[in-house]
Protein chains: 2
Amino acid sequence: MSIGNVWPSPAAQTALRPITASNVEIVGGFWAERQLINRRSTILHGFEQLQQSGSLGNLRLAAGGQGQYQAEADSGGTTLPFLDSDVYKWLEAVGWELGRGHDPALAAAADEAIAVVAAAQRPDGYINSFVQVVRGGAPYRDLAWGHEFYCVGHLTQAAVAWHRSLGDDRLLAIAVAACDHIDREFGPSGRPGVDGHPCIEMALVELTRVTGDKRYLRLAERMLSLRGHGLIGPGRFGPEYWQDHEPVNVAQTVAGHAVRQLYLDCGAVDVAVESGDRELLAAVRRRWSDLMATKTYLTGGMGSRHRDEAFGDAYELPPDRAYTETCAAIASVMLAWRLLLATGDSGYADAIERAMFNGVLSGISLTGDEFFYTNPLQRRTHRAGRPGDAERAPWYACACCPPNLMRLLSSWHQFLATSDAAGVQIHQYANATIRADLAVGTVELEVQTGYPWQGQVTVRVVQSPEEPWVLSLRLPQWSRSPQTQPVALYTQRWQAGDTVVLDLDLSIRVTEPDRRVDAVRGCVALERGPLVYCVESADIPGGTQLEDLKFDSEREPVELARPDIAPSVTGISLPVIDAGGGGHLEAGAIPYFAWANRKVDAMRVWIPR
Amino acid sequence: MSIGNVWPSPAAQTALRPITASNVEIVGGFWAERQLINRRSTILHGFEQLQQSGSLGNLRLAAGGQGQYQAEADSGGTTLPFLDSDVYKWLEAVGWELGRGHDPALAAAADEAIAVVAAAQRPDGYINSFVQVVRGGAPYRDLAWGHEFYCVGHLTQAAVAWHRSLGDDRLLAIAVAACDHIDREFGPSGRPGVDGHPCIEMALVELTRVTGDKRYLRLAERMLSLRGHGLIGPGRFGPEYWQDHEPVNVAQTVAGHAVRQLYLDCGAVDVAVESGDRELLAAVRRRWSDLMATKTYLTGGMGSRHRDEAFGDAYELPPDRAYTETCAAIASVMLAWRLLLATGDSGYADAIERAMFNGVLSGISLTGDEFFYTNPLQRRTHRAGRPGDAERAPWYACACCPPNLMRLLSSWHQFLATSDAAGVQIHQYANATIRADLAVGTVELEVQTGYPWQGQVTVRVVQSPEEPWVLSLRLPQWSRSPQTQPVALYTQRWQAGDTVVLDLDLSIRVTEPDRRVDAVRGCVALERGPLVYCVESADIPGGTQLEDLKFDSEREPVELARPDIAPSVTGISLPVIDAGGGGHLEAGAIPYFAWANRKVDAMRVWIPR
């Protein structure tokens, strides 16, 4: 039995419980294919890149190897001290992946990486290749920018995955020693210290869940309570950048660096449910509501500013300069999942769906070996003198996003369903088998669907206890009127062979923006089911330019099969008017997640009316 | 007799010649007040700030003083190696200012600064306090980021100002030695080298003009021809950032860091007119045309991106995240002036007017002692959790803009008029006396106007030769139809007392954006004469929020005196509809340059229809 990422302790105050990871399997369709590409292509590609880029080599140097440390982001001298974390995130992905089924090549690669990590750790438990190799080994001298706790956080998440998924505790021993090293210096009787980049907080809570040792939870609580009082310093972007401007249980809105805020709030929810801290949970929920209402792109992307990778102001949502880092979309899924467990509010599952199908998946190519760090909603037609600045890349100097995608996709089945005392909740639709151990007995379900291309979802009961229980199916926010309940509840005595069929309306939706979003005033976007669509220059009539096309609201957009993009893809044929003088024409729209997989030039999600 | 900034040699290929600086004086009205505030307040404030911030102290350290070098932009460790240049720009301002009239306090402050600069210079001519104090004294090791030539460029511009304005050659001796030091290492027989930040190119041309020594012009030519071939390296933002991606005489569009591109093109025009390089001049003109058509804000501001202070793509002109650095607007004036002299095309004077009245002046408070580094066209209503991020500041860690404003305002009278073989051209309207020595004899003119508040401009001939000559008055682009000639030409035998009266129509204009500017689609802006207007939250009806107000196109905006902002200011009363539910209301608009001089919250130039 393997349990999943985020596994609240039995006493934790959550509305829902995750399903044991090995009890959920995606067996076909859209997400099965994405998980297969991740397993067969992306993760192995990642191992090659970790070797080529030097991230793994850096840890070898810390273990006593000879060579040049790799930490230069560019010739301008920007140094990246956090590259170890990419190795850890990749290891986490392999941990979940091997839990889904053995693979000799993956296992061998992971064994090699784990051995390097083990060798890099000092006898006192400290591990950070940058400090050990480049900074002379004196730890915790630059908590603001050094990412030392952050790296240990990712190490710990990987260790938890290997423990839960495989019962393999090689990494857990390393993580425990590393966290103990931090706890000795920064624990209750130690000096105050928080990392400029949150991450370790949620990892520490999970470490308590795994080990039963409450010191780690206490350390996470301490770090959360120390934050927001100016301890980190203003830095170059002000204390907001690392959420040090207001206490975590007070701040009303998200602020600063998007990934930092979202990782921080993940840790806050984890602490809140374990400690029963309702005030802390309420603060995160308030911030999330405001974030959804004012700072989230249609794609679920977050973070409007390039300069400091920050959220920006409310309604500051430029499509062209959207930063919308892949990691921020991933972090929003991590946070929404925690809030879903804590509260049972299916709105969080709506947010997960929107982010996964759009802002997360756009970060990885259809072939699984090229990535986007930023995910804008518009790219303009190339002009002379401007190099193409939005091509997918096989890796990045700052490579946080690719292994983050890997670990999310390899654990994605864990996000499909939950259970509670009354029954089973299905949040995300995919061809899957789900088994849940309820108080009344074991439930086994089979979900069949062509989602997201088709709207019919059939849930078949394979096994059921005799007592009645509640099957709860999320009705996606886009599929229902504001008056409709967000979930369909089916309460009955179930028998094997019973089926429930959900028919979601996948009519094309022409979406108007909130009037306060200045940057897309006068535009519309196309959506179908959970998918946001975009128009690429490859799909517009010859002789026209994307910037000249307007949506022709006198005519209806219609569905159009797009096997040229990938099998099963449903595109949209979009009526447009050429403001450049070409009259009434048709353009093609494809799902946003699939953009930039052909030779294209311009792209836009929001189309002028 | 003092001659001005940018003084082409007699053989230079220019259509127009500048007027001897001491022959133009602004004697009253709008610009006289701005020059007076600059002289009485801003420049003295600048000297205090140069002392407090350590910029002057850094040079003292280079001269052997004891103390801590000041170069930290923030606690994140960003180091600024170019702070010497702020001292030089301030000295340039004082040079022009003392040329307009003696002032003991200014002269004493300048004497002090000049003595420090002289003492800082090494016997071999090298001068750069950062390299001398912080980097161990080895010069030219980091041309990409070190700004060593850039600082010498500003030193040389100051030296030229003191020579031309006052015949004082203390700085000139320092500049010549510094340029000779560079020429020895990077001259025709030396190694190739260009600075990551252009500036020295235009200064070297002026140094040839002052000294007659063509080595400096040759060095500038060499630097221009070396640029665009990847010599500087990609840096952290790519070779576009410092215009090293395409040769200067080839690149079709502006690209990268706005101030770098504009300073570079200033040098290119200076070289082109001295060398008769028509191809180079044509390349700059092409870039300028494209810049005006696709990358210039309504305010004349330039540079859309915060991350790398770059232009951004064509039509990428977000009002909220407009970077529009004050220095970029100033640099556009410097470049447009050179192009105006080179070509005689009054369109360049139109651009100067737009930039000066809007994007430049917005960079300095009405009191003259607070500044904006960036000049956005929109600021949203403050929300909890977001600190006010757009307040004027008395100085900046990176303080390039304030002394740049000082030197421009102190030499602004030089930009009013030019002459050629046929007569006198008046480009900018202000109460002024203008004296020009034409081939036919000396002309003396008096201009009287309430510009920009009133549209009548009266030019009175005070003295004229007997032969006929041509008086040319620019008809601002905003005041005429596309069919109208851009200048009014008056050719006659003039007698003292003759007057010409221009009546410019200052009706309020409701301006639609170019349809390709996505960020302000569906909005309008208000203009009157050369002024762009904005609405601040202080001028909207109580209980409404700026984001909820729409322009009511059914009613007419009307003029409204705004003595509360400053004497003479004409504001606009603007009909609006409260989309928040408040019905038909009136809001006040004031000239954009005057924004953020009261306690305000939100501001916007572009108003939704």
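What you see is a predicted model; the values in this text were computed from it and never measured.

## Section: the UniProt feature "domain: Non-reducing end beta-L-arabinofuranosidase-like GH127 middle" (unreviewed entry) in chain A
Right, so step 1: Listed under "domain: Non-reducing end beta-L-arabinofuranosidase-like GH127 middle" (unreviewed entry) in the UniProt record, and renumbered for this structure, are residues 424-483 of chain A.
Right, so step 2: From the first C-alpha to the last, residues 424-483 of chain A spans 24 Å; its make-up is 0% helix and 57% strand.

## Describing the pattern of salt bridges
Residue and element names in this part refer to chain A.
Right, so step 1: Tallying each qualifying case throughout the model produces 90 salt bridges over all chains.
Right, so step 2: Between Arg170 and Asp111 there is a salt bridge, with the nearest N and O atoms lying 2.9 Å from each other. You can see Arg170 sitting in helix H7 (residues 170-186) and its partner Asp111 sitting in helix H4 (residues 104-120), a full 59 residues away along the chain.
Right, so step 3: Here Arg218 ties to Glu221 by a salt bridge, and the two come within 2.8 Å at their closest N and O atoms. Here Glu221 and Arg218 lie together in helix H9 (residues 214-226), a separation of three residues that amounts to about one turn.

## Some points on the domain arrangement of chain A
Interfaces are often sized by the accessible area lost when the parts come together.
Residues and elements named next belong to chain A.
Right, so step 1: Each domain of chain A was delimited in the assignment, giving domain 1 (36-65 + 78-378 + 393-415), domain 2 (419-503) and domain 3 (508-608).
Right, so step 2: For domain 2 and domain 3, the distance between their C-alpha centres works out to 34 Å.
Right, so step 3: For the pairing of domain 2 and domain 3, the buried interface totals around 630 Å² over both sides, and the portion due to carbon and sulfur atoms is 70%.
Right, so step 4: Sorting the residues of domain 2 by area buried against domain 3 places Pro452, Trp453 and Trp478 first, and these three jointly supply 95% of that buried surface.
Right, so step 5: For the pair domain 2 and domain 3, the interface holds zero salt bridges.
Right, so step 6: At the junction of domain 2 with domain 3, the criterion picks out one residue pair in polar contact (both at pLDDT 80 or more).
Right, so step 7: Of the residues in the side of domain 2 that touches domain 3, the class split is four nonpolar, no polar and no charged.

## Digging into the interface of chain A and chain B
Right, so step 1: Each partner contributes residues to the interface: chain A has 45 residues there, and chain B has 45 residues.
Right, so step 2: Together, Arg380(A), Arg383(A) and Arg521(A) form the three largest contributors to the area buried by chain A at its contact with chain B, with a combined 17%.
Right, so step 3: For the pair chain A and chain B, the interface holds eight salt bridges.
Right, so step 4: Across the pair Asp518(A) and Arg604(B) runs a salt bridge whose closest N-O atoms are separated by 2.7 Å.
Right, so step 5: Applying the counting rule to chain A against chain B returns 12 residue pairs in polar contact (both at pLDDT 80 or more).
Right, so step 6: The residue inventory of the side of chain A that touches chain B, partitioned by class, reads 11 nonpolar, 12 polar and 22 charged.

## Let's talk about the packing of helix H10 (residues 258-275) of chain B against helix H12 (residues 326-343) of chain B
All names here are of chain B.
Right, so step 1: The geometry of H10 relative to H12 is characterised by a closest axis approach of 9 Å and an angle of 20 degrees between their N-to-C directions. Here H12 runs roughly parallel to H10, going by the angle between their axes. As H10 packs across H12, the resulting crossing turns out to be left-handed. Every residue of H12 that contacts H10 at Ala258, Val259, Leu262, Tyr263, Asp265, Cys266, Val269, Asp270 and Val273 is listed here: Cys327, Ala328, Ala331, Ser332, Met334, Leu335, Arg338, Leu339 and Ala342.
Right, so step 2: In terms of residue class, the contact of H10 with H12 is built from 14 nonpolar, one polar and three charged.

## Comments concerning the relation of the copies chain A and chain B
Each of the two chain copies can be generated from the other by rotation about an axis followed by a shift along it.
Right, so step 1: The operation relating chain A to chain B is a screw motion whose rotation component is 180 degrees, with 0.1 Å of axial translation and a residual RMSD of 0.0 Å. Taken together, these values place the two copies in the relation of a two-fold axis.
Right, so step 2: Interface overlap between copies: 100% of the residues of chain A at the interface are likewise at the interface in chain B, consistent with a symmetric, same-surface contact.

## What to know about the sheet that holds strand E9 (residues 469-474) of chain A
Strand pairing in a sheet relies on backbone hydrogen bonds. The paired strands run either parallel or antiparallel.
Residues and elements named next belong to chain A.
Right, so step 1: Ordered in space as E1-E4-E5-E9-E10, the five strands form an open sheet in which the pairing is mixed. The open sheet has two edge strands, strand E1 (17-18) and strand E10 (487-492), and neither has a second partner.
Right, so step 2: Bridge analysis of strand E5 (residues 423-426) against E9 gives four bridges, and the strand direction is parallel. Paired with Ile426 across the bridge in E9 is Leu473.

## Topic: H9(A)
All names here are of chain A.
Right, so step 1: Along its 13 residues, H9 runs 18 Å from first to last C-alpha, staying within 8% of the 18 Å computed at 1.5 Å per residue.
Right, so step 2: Looking only at H9, the buried set comprises Tyr216, Leu217, Leu219, Ala220, Arg222, Met223 and Leu224.
Right, so step 3: The secondary structure elements touched by the buried residues of H9 are helix H6 (148-166), H7, helix H8 (200-211), helix H10 (258-275) and helix H11 (278-294).
Right, so step 4: For H9, the capping residue at the N-terminal end is Asp213, with a side-chain oxygen 2.9 Å from the backbone nitrogen of Arg215.

What counts and what doesn't
- Residues numbered from 1 in each chain as written.
- Chains lettered and ligands numbered in written order.
- Predicted model: local features only at pLDDT ≥ 70, side-chain atom pairs only at ≥ 80, totals over all residues.
- Heavy atoms only, no water.
- UniProt positions renumbered as here; feature names shortened; annotations may be inferred.
- Helix = DSSP H or I, 4+ residues; strand = E, 2+ residues; numbered from the N terminus.
- Salt bridge = Lys/Arg side-chain N within 4 Å of Asp/Glu carboxyl O.
- Domains from an automatic or database assignment.
- Buried area = accessible area lost by both parts, 1.4 Å probe.
- Polar contact = N/O pair within 3.5 Å; in protein donor to acceptor, adjacent residues only side chain to side chain.
- Nonpolar A, V, L, I, M, F, W, Y, C, P; charged D, E, K, R; others polar.
- Contact = heavy atoms within 4.5 Å.
- Axes fitted to C-alpha atoms, helices over the stretch in contact; angles between N-to-C directions.
- Parallel < 35°, antiparallel > 145°, perpendicular 65-115°, else oblique.
- Left-handed = near helix turned anticlockwise from the far one by under 90°.
- Least-squares fit on C-alpha atoms with pLDDT ≥ 70 in both.
- Pairing = 2+ DSSP bridges.
- Expected span 1.5 Å × (residues − 1).
- Buried < 20%, exposed > 50% of the residue type's maximum accessible area, 1.4 Å probe, protein only.

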